[in-house]
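What follows is the residue order along each chain.
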Amino acid sequence: MRVLVVGGTRFIGARVAAGCAARGCEVTVFHRGRTQSPLLPPSVTYVRDPAAEYPILGFPEALKRDWDAVIHMVAMGEADAHAAVDAFAGRAGRLVLISSGDVYRAYGRLTRKEPGPPDPVPLTEDAPLRSVLYPYGRQDYEKILAERVVMASELSWTILRLPKVYGPEDNANLATIYMAAAHPQWRWTHGHVDNVAAAIVLAATSEKAHRRVYNVGEETTPTTAERLACLPPPPHPYPAPDFDFAQSIAYDTSRIRGELGYREIVDERAAMAAGVSDTR
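The paragraphs below set out a description of the structure included in this document. The shown structure was predicted, so the numbers you read here are calculated from the model rather than taken from an experiment.

**Quick look at the sheet that holds strand β4 (residues 69-72)**
Taking strand neighbours across the sheet as the criterion, the seven strands line up as β3-β2-β1-β4-β5-β6-β9 in an open arrangement whose pairing is parallel. The sheet terminates laterally at β3 (45-48) and β9 (212-215), the two strands that pair on one side only. Between one strand axis and the next, the sheet turns through 20° on average, direction left out of account. Inspection of the sheet shows strand β1 (residues 2-6) paired to β4 by four bridges, in the parallel sense. Each residue of the ladder has a partner; that of Val3, found in β4, is Ala69.

**As for empty space enclosed by the protein**
The tally for this structure, following the rule as stated, stands at two cavities of 30 Å³ or more. In this model, the largest cavity occupies a volume close to 70 Å³. Every residue lining the largest cavity is listed: Glu218, Pro222, Glu226, Arg227, Cys230, Leu231, Glu268, Arg269, Met272 and Ala273. When residues of the lining of the largest cavity are traced back to their parent elements, those giving at least two are α7 (224-228) and α9 (268-279). Per-element accounting of the lining of the largest cavity gives the leading share, four residues, to α9. Looking at the lining of the largest cavity, its residues break down into five nonpolar, no polar and five charged. Taken as a whole, the second largest cavity holds about 40 Å³ of empty space. Taken together, Thr176, Ile177, Trp186, Arg187, Trp188, His190, Pro222, Thr223, Thr224 and Arg227 form the lining of the second largest cavity. Contributing elements (two or more residues each) for the lining of the second largest cavity: α5 (175-178) and α7. A per-class count over the lining of the second largest cavity returns four nonpolar, four polar and two charged.

Cut-offs applied
- Residues numbered from 1 in each chain as written.
- Predicted model: local features only at pLDDT ≥ 70, side-chain atom pairs only at ≥ 80, totals over all residues.
- Heavy atoms only, no water.
- Pairing = 2+ DSSP bridges.
- Helix = DSSP H or I, 4+ residues; strand = E, 2+ residues; numbered from the N terminus.
- Axes fitted to C-alpha atoms, helices over the stretch in contact; angles between N-to-C directions.
- 1 Å grid on protein atoms, 1.4 Å probe; cavity = no way out; pocket = protein on both sides within 12 Å on 5 of 7 lines; lining within 4 Å.
- Points joined across faces, edges and corners; volume = space filled by probe spheres on them.
- Nonpolar A, V, L, I, M, F, W, Y, C, P; charged D, E, K, R; others polar.

In structure tokens form, the structure reads like this:
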């Protein structure tokens, strides 16, 4: 397969590009040229361009050719989703959009921006989405709008809604768990970066993922109390944000497991304990 990874030089993207290459794909990475991951093998081709500054609103002519899959790691909203659809319509066998679990109405209720009682969990891919847009106040970030653009296109597409990702380079201190210490029954689905990248590679290279939306994350989401029982004490207190902790953010990930046969490549609980120990 000929695979283009948009934003593939660090954290999840670098592991996705490396995972595709390990499967024998011909991988090209489009990025700003600021970093180059040691995870990527010599076979990977780089296309560096200032146009890769987020949000990416245009693609160089060198990339407007046939691809079996375009994996867009960094599409933030409506405008850059339109740019990708316009650039790769008729050229990409599949456009894989990396989205987020923040599209769900439950996330808006957690952050107190969406009125109403807590939504039941775990959240399936068919759970209600937010009606209040722009969850972080940025007009260039709204994954709901990015998803709508891709779904309305004539391209074959796959959408993956990611959990809270942790691992080397990001959230390694597990602040997103320690911050909820005062809320022992609260749950938030996490995913080690290696597992999340493996799910993306699997979906991008599977014909079964045509026009499908998948939640990504742990098979079962533990409570905060269950997580803390397996983790060392935090090196310092982590203040809790102004969340409504009556609303858990736990995903049902059975679809990607049942349809594509997804399984974790690293044990989540062991990875958490080992990772946070390394950062203390």
